[in-house]
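Take a look at the letters that make up each chain.
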Amino acid sequence: MKKIFKKSDGFYDTFFRKPGDDKQSTTYCSGCGHGIVHKLVAEALVDLDMLDKTTFISPVGCSVFAYYYFKCGNIEAAHGRAPAVATGIKRALPESYVVSYQGDGDLAAIGTAEIIHAANRGENITVIFVNNAVYGMTGGQMAPTTLIDQKTTTTPRGRSRENEGMPIKVAELIATLPAPVYVERTSLHDISHIMKTRLAIRKALRFQKEGKGFTLIEVLSQCPTNWKVKPDQAGEWIKKHMLPYYDLGVFRDTSREAEQRTGGPMNRKASDHLKPGKLMEKIGIKSESESLHSSFSEKMTIDHELKIRIAGFGGQGVLYLGQILCQLALKNEYRATWFPAYGPAMRGGTANCSVVLSNREIASPIFSMSDILVAMNQPSFDKFSPFVSPDGYLFCNSSIISVEPDYEAELRDRRIKLVSIEATSLAEEAGFSFSSNIVILGKILKTLPYFHKEDVFSLIKRKFRNKEKLIQFNVKAFTLGFEA
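Read on for an overview of the structure. Every residue gets a number counted from 1 within its own chain, in the order that chain's sequence is written. With the structure being a predicted model, the display of local features is reserved for residues of pLDDT at least 70 and the display and counting of side-chain atom pairs for 80 or more, all residues being used for whole-chain, interface and lining totals. For side-chain calculations, the full set of non-hydrogen atoms in the structure is used, while hydrogens and water are omitted.

Observations concerning the sheet that holds strand E10 (residues 350–358)
So, point 1. Strand order across the open sheet formed by six strands is E9-E10-E8-E11-E12-E13, with mixed pairing between neighbours. Bordering the open sheet on either side are strand E9 (335–342) and strand E13 (417–421), each of which pairs with just one other strand. Across the sheet, the mean angle from the axis of one strand to that of its neighbour is 15°, orientation sign disregarded.
So, point 2. Paired strands, as defined in this entry, are two strands with at least two bridges between them according to DSSP. A run of H or I in DSSP counts as a helix once it spans at least four residues, and a run of E counts as a strand once it spans at least two, with each numbered from the N terminus. Judged from the five bridges that link them, strand E11 (residues 370–375) and strand E12 (residues 388–397) form a sheet pairing that is parallel. Each residue of the ladder has a partner; that of Ala375, found in E12, is Cys396.
So, point 3. Whether two residues touch is decided by their heavy atoms; if any such pair falls within 4.5 Å, the residues are in contact. A fitted line through C-alpha atoms serves as each axis, taken over the contacting stretch for helices, and the angle formed by two N-to-C directions is quoted from 0 to 180°. Strand contacts of helix H16 (residues 436–447): E11, E12 and E13, with the helix running at about 140° to E12, the strand carrying the most contacts.

Structure below.
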């Protein structure tokens, strides 16, 4: 029997990034429209042969975990910032394709400035705007697109024009700007309109591929959970409540008139960018490569993207250790990125940061497998040690982390070098229990001498320039780690 309905090849077969045992289903509620829009986008990327060169921007909102599903480049943006992130990617990698995916709270509230200015610049990106008239993920609060008289958790008597203003019509708003090429609003309330949405998404992506400029598709989508209706009633809810206010159709289409831009930033070739070496030469400094290699005769050089993950409790100096490594890299004329992640409770909660050091431009500050893991507590060791690359290093604070012999054997089988150091105990010996991060830094630079320890001392002195005792404690902590 021929299988005519299947998961798009634009999705991962197994959602390996998703936590838990269920790696096949999505995180969406029953009847949610995100799954439909995801499938339409994934199929279009495959059929238009764009998937391998696409970066998908996941927003904050119900689709925050979209990167679990799409088999292309993925980046998670801060709330409302997806168009800004998309702009950066498109300008850094002009030959790539970028899809910025946002909900109404993300795009039309927190991110209003970002979407308007990205559209007004005519960035050659595609924005998929999912409008379900409510903040879905955070519990059903009023969104900028919430309808008049619609009850939400923050408008229990219904939205009123006098108190909250009128719902924002994003498609019409964006269409008033001179730069966007294609703006359309569609709906998911029945099969025929899902097919129209399919065509609209394909048209927008095709225009991006042809270099025509900014495109936005607004999709009226179901949210039965927060509308308090059954999933099979959500389509009717759109038809009854949303369609009378949100007109469907094309609000702007200048694709025929749009000449493919040749001088704008969105279509600039990578080769057009001023190379770093040329820049240094232009401002009268010797070339970067000369400078790099002349200053590293006695040290290990970084000739690739060195990916380092540092993880532990808040208050252990996890993020600061990442910053020190970046500062050391920049001092030695490398490129560096630092990407922190922590929970609501900075001190005592979990925290980690991703650091990338390189002698060339860094494609992304985010990675899944690290070359080096610094695990400062047991939960971090358990969580991140499976994600160390073969031949990588795992620095472990053995004062508070225990490693079972069987797991040590497994690490050896994976060609991972386990470097244990009693960082907490040595920090206490140095006189400052909070300096276990500096102890580990000493051990790292003893094992992998990418930087001179004199540079570390210089940074410590600058950091604690008015606290002589802290300088002494941290220098001692580094020395104990270096000599351990």
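Considerations on the environment of Ala200
So, point 1. Note on placement: Ala200 falls in helix H7 (residues 191–209).
So, point 2. Apart from residues lying up to four places away in sequence, Ala200 is in contact with Tyr182, Glu184, Thr186 and Ile217.

Overview of the sheet that holds strand E6 (residues 215–220)
So, point 1. The seven strands lie next to each other as E2-E1-E3-E4-E6-E5-E7, forming an open sheet whose pairing is mixed. Every interior strand has two partners, whereas the edge strands, strand E2 (73–76) and strand E7 (249–253), have only one. The mean angle between the axes of side-by-side strands here comes to 15°, regardless of whether they run parallel or antiparallel.
So, point 2. Here strand E5 (residues 182–187) runs beside E6; their pairing, made up of six bridges, is parallel. Across the sheet, the residue bridging to Ser187 is Leu220, located in E6.

Considering the packing of helix H2 (residues 82–92) against helix H4 (residues 112–121)
So, point 1. One way to put it is that H2 packs onto H4 with a least axis distance of 8 Å and a crossing angle of 35°. Of the residues in H4, those touching H2 at Pro83, Ala84, Thr87 and Arg91 are Glu114, Ile115, Ala118 and Arg121.

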